[in-house]
Amino acid sequence: MSADDSAGSHLVSVDFEIFGHVQGVCFRMYTEKEGLRLGLVGWVKNTFSGTVVGQVQGPADMVGEMKVWLSKEGSPTSRITRASFSNQRSIDKLELSGFKTRF
């Protein structure tokens, strides 16, 4: 593996909160599908305040793609007004397995 290959493959973890019309629009299901498509692990859940929160872990470049998806795309009928990302950190190994909806 060249230095260029490894630049985006170190593992990171990031927490997220998505604001807007993101509940009742299959946002969690689409988030799970997108996370799995990108080879990530994590979780997602609705909050009582009407947002969606979660955590994503995996190679830095794929986590970056997921952040763009969470910020701009989401589920087909969602309307995202703001995406907040916090606690981004490097990790030595994945701390989660699979991509799950929490309740």
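Remember, predicted model here, so these are calculated numbers, not experimental data. Residue indices begin from 1 for each chain and proceed along its sequence in written order. Only residues with pLDDT of at least 70 get local features here, since the model is predicted, and only at 80 or more are side-chain atom pairs given and counted; chain-wide, interface and lining totals rely on the full set of residues. Calculated side-chain values reflect all of the structure's heavy atoms, with hydrogen atoms and water omitted.

(A) Examining the packing of aromatic side chains more closely. Centre distance within 6.5 Å is the pairing criterion for rings of Phe, Tyr and Trp, where only the six-membered ring of Trp is used; planes under 30 degrees apart are then read as stacked, over 60 as edge-to-face, and the remainder as tilted. Counting across every chain of the model gives one aromatic pair. For the ring pair Phe27 and Trp69, a centre distance of 6.0 Å and an interplane angle of 45° mean the geometry is tilted. One end of the pair, Phe27, is in helix α2 (residues 27-37); the other, Trp69, is in helix α3 (residues 60-72), and 42 residues separate them in sequence. We note Lys33 situated over the ring of Tyr30; from NZ or CZ to the ring centre the distance is 5.9 Å. Only DSSP runs of H or I reaching four residues or more are called helices, and only runs of E reaching two or more are called strands; each is numbered from the N terminus. Think of it as a cone above the ring: NZ of Lys or CZ of Arg counts as a charge over the ring if it is within 6 Å of the ring centre and within 35 degrees of the ring normal.

(B) Just the UniProt feature "active site" (unreviewed entry) in the protein chain, in detail. UniProt positions are given in the numbering used here, feature names are shortened, and annotations may be inferred rather than shown by experiment. UniProt marks Arg28 and Asn46 with the feature "active site" (unreviewed entry), using the numbering shown here. Spanning 19 residues, the named residues form one tight spatial group whose C-alpha atoms are at most 7.8 Å apart. In this fold, Arg28 is placed in helix α2. Every residue pair with non-hydrogen atoms within 4.5 Å of one another is taken to be in contact. Non-local contacts of Arg28, meaning those with residues more than four positions away in its chain, are made with Val44, Lys45, Asn46, Val52, Thr101, Arg102 and Phe103. Along the polypeptide, Asn46 turns up in strand β2 (residues 41-46). By relative accessible area, Asn46 is classed as partly exposed at 24%. Categorising residues by exposure relies on relative accessible area from a 1.4 Å probe, with only protein chains included: less than 20% of the type maximum marks a residue as buried, more than 50% marks it as exposed, and the intermediate range marks it as partly exposed.

(C) Structural detail: α3. Helices are assigned an expected span. That span is 1.5 Å times one less than the residue count. With 13 residues, α3 should cover 18 Å at 1.5 Å per step; its first-to-last C-alpha distance of 18 Å lies within 8% of that length. Listing the buried residues of α3 in full gives Ala60, Val63, Met66, Trp69 and Leu70. Elements that come into contact with the buried residues of α3 comprise β1 (11-21), α2, β3 (52-59), β4 (79-90) and β5 (99-101). Gly74 sits one or two residues past α3 and shows a positive phi near 65°.

(D) Seen up close, the environment of Trp69. The exposure class of Trp69 is buried, given its relative accessible area of 7%. Apart from the residues within four sequence positions on either side, Trp69 is in contact with Tyr30, Thr31, Glu34, Gly74, Ser75 and Ile80.

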